[in-house]
Amino acid sequence: MKVLAIDTSTYALGLALLEDDQLIGEYTTDLKVNHSLRVMPAIEHLLSECGVKPKELGKIVVAKGPGSYTGVRIGVTIAKTLAWTLNIPLSGVSSLAALASSAKYYPSYISPIFDARRGRVYTGLYHFVDGKLEEKIPDQNVSIEEWCAQLRELKAPVLFAGSDVGIHQAVIQEQLPEQAVFGDAVAAHVRPSELGRLGLVLPAEDLHTFVPNYIRMAEAEVKWLEAQQKDGERT
């Protein structure tokens, strides 16, 4: 079965085409350009380069978040549209799990990091058991200090992976001087092929109810709800 994997959860745009778990082609860029203008042309180019027609695809896999609200929404919308148009299944994968999977050869715990601003991060804790990625602590939005306090209890090395790690590295080093390990460029971005492999074995989503996993509402939504509540108190 041919699988198309799509990741737009950060500035990096990642696509992969797999035949079962074998990589056929992979495309990654890291540009601060709106994904909405680039995803479909990139998909068309990848399929063309690999000699694969859209009707040959058997499944779509998409990074469902957390991450950039706009980016995740674009990726999920395009994935749902393709799956519906081609009448094929769609599976959503945690963007953090996909990032952790890119560090698959690390022998201890992996903490993928996306910056959530104001001293907070999107993260979770993963490790590989017999070659299979397993979740140790669920994805969450948490202050970096609180997260380090949780990890301290493990008393084991933790690899921090992701291009946003540098934003919080000083705090992490201070809080976990004996445990923290920092990944190189290989662990900085999601490998779209790993995203595809994770989604290959997941059940299909219901296209009508499947939505991104933002973990928390966007700041604009929070402010809107607060304004609505204040208006209600005045009436």
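Scope of this entry: the structure provided in the associated data block. Because the structure is a prediction, the values reported are computed rather than measured.

Observations concerning the pattern of salt bridges
This model, assessed by the stated rule, comprises five salt bridges. The partner of Glu26 in a salt bridge is Arg191, and the shortest N-O contact between them spans 2.6 Å. Note that Glu26 is positioned in strand β3 (residues 22–30) and Arg191 in the loop between β10 (180–182) and α6 (192–200), a separation of 165 residues in sequence. Through salt bridges with shared partners, one network takes in Lys2, Glu19 and Glu56.

Side note on the environment of Val211
Within the secondary structure, Val211 is located in the loop between α6 and α7 (219–234). A relative accessible area of 54% places Val211 in the exposed class.

Looking at unusual backbone geometry
Comment: phi is negative for the bulk of residues other than glycine, and the bulk of peptide bonds are trans. The omega angle of the peptide bond from Gly65 to Pro66 is 5°, so this bond is cis rather than trans. Position of Pro66 among the secondary structure elements: in the loop between β4 (57–63) and α2 (69–86). Located in the positive-phi region is Asp20, a residue other than glycine, with phi close to 55°. Among the residues examined, Asp20 registers a relative accessible area of 39% and is labelled partly exposed. Despite not being glycine, Lys155 shows a phi value in the positive range, around 55°. Along the chain, the position of Lys155 falls in the loop between α4 (144–152) and β9 (158–161). Its relative accessible area of 72% is what places Lys155 among the exposed residues.

Observations regarding the nonpolar core
Counting 26 residues, the largest nonpolar core has Val61, Ile110, Tyr126, Leu133 and Leu195 as its most contacted members. Mapped onto this core, the elements with two or more residues apiece are β1 (2–7), β2 (12–19), β4, α3 (95–101), β6 (109–117), β7 (120–129), β9 and α6. Take this core: its biggest share by element is five residues, from α3. Residues Val62, Val76, Ile78 and Phe210 belong to the second largest nonpolar core, which totals 24 residues.

Thoughts on helix α5 (residues 165–175)
Every α-helix carries 3.6 residues per turn, so stepping three or four residues along brings you back to the same face. Taken residue by residue, α5 has Val165, His168 and Ile172 as its buried positions. When α5 is viewed along its axis, its buried side chains cluster within an angular range of 85° and face the same direction. Facing away from the buried surface of α5 by more than 90 degrees, the exposed residues are Gly166, Ala170 and Glu174. Tucked inside the fold, the buried residues of α5 contact β6, β7, α4, β9 and β10.

Concerning a nonpolar patch on the surface
A grouping of Leu31, Val33 and Leu37 is seen on the molecular surface, where their side chains present a nonpolar patch of about 280 Å² in accessible area. When you line up the elements, Val33 lands in the loop between β3 and α1 (39–49).

Quick look at the pairing of strand β8 (residues 132–143)
Note: β7 against β8, nine bridges, orientation antiparallel. Following the sheet pairing, Arg120 is matched in β8 by Ser143. Taken together, β7 and the strand that follows it, β8, pair antiparallel across an intervening segment of two residues, in which Asp130 is found at a positive phi of about 55°.

Examining the sheet that holds β9
Here we have five strands laid out as an open sheet, ordered β8-β7-β6-β9-β10, and mixed in their pairing. The two strands at the open ends of the sheet, each matched to only one other strand, are β8 and β10. Averaged over all neighbouring strand pairs, the angle between strand axes comes to 25°, with direction disregarded. Sheet contacts for α5: β6, β7, β9 and β10; angle to β10, the most-contacted strand, approximately 155°.

What about the packing of α4 against α5?
The interhelical angle for the contact between α4 and α5, taken along N-to-C directions, is 35°, at an axis separation of 10 Å. Between α4 and α5 lies a crossing of right-handed hand. Of the residues in α5, those touching α4 at Ile144, Glu145, Cys148 and Arg152 are His168, Val171, Ile172 and Gln175. Counted by class, the contact of α4 with α5 contains four nonpolar, two polar and two charged residues.

Thresholds, definitions, all that
Throughout, a residue's number is its position along its own chain's written sequence, starting from 1. Given that the model is predicted, a residue must reach a pLDDT of at least 70 before its local features are reported, and side-chain atom pairs must reach 80 or more before they are shown or counted; all residues, however, enter totals for whole chains, interfaces and linings. Side-chain measures were taken over the full set of non-hydrogen atoms in the model, leaving aside hydrogen atoms and water. For this document, the term salt bridge refers to a Lys or Arg side-chain nitrogen within 4 Å of an Asp or Glu carboxyl oxygen. Secondary structure elements follow DSSP: runs of H or I of four or more residues count as helices, runs of E of two or more count as strands, with numbering from the N terminus. Each residue gets one of three labels from its accessible area relative to the maximum for its type: buried under 20%, exposed over 50%, partly exposed in between, using a 1.4 Å probe on protein chains only. Residues enter a nonpolar core if they are buried and are Ala, Val, Leu, Ile, Met, Phe, Trp, Tyr or Cys, with the set joined through side-chain atoms within 4.5 Å. The directions from the helix axis to the C-beta atoms are what the arc is built from. Here, residues are in contact when the closest pair of their heavy atoms is within 4.5 Å. Surface patches are drawn from residues lacking salt bridges whose relative accessible area is over 30%; two like charges belong together within 9 Å, two nonpolar side chains (Val, Leu, Ile, Met, Phe, Trp, Tyr) within 5 Å. Note that accessible areas follow from Shrake-Rupley with a 1.4 Å probe, and for residues the cover is restricted to the protein chains shown. Pairing between two strands requires that DSSP report at least two bridges joining them. Helix axes are fitted to C-alpha atoms over the stretch in contact, other axes to C-alpha atoms as well, and angles between N-to-C directions run from 0 to 180 degrees. Rotating anticlockwise by less than a right angle from the far helix to the near helix defines a left-handed crossing, while the corresponding clockwise rotation defines a right-handed one. Only Asp, Glu, Lys and Arg are considered charged in this grouping, and only Ala, Val, Leu, Ile, Met, Phe, Trp, Tyr, Cys and Pro are considered nonpolar; every other residue, Gly among them, is considered polar.

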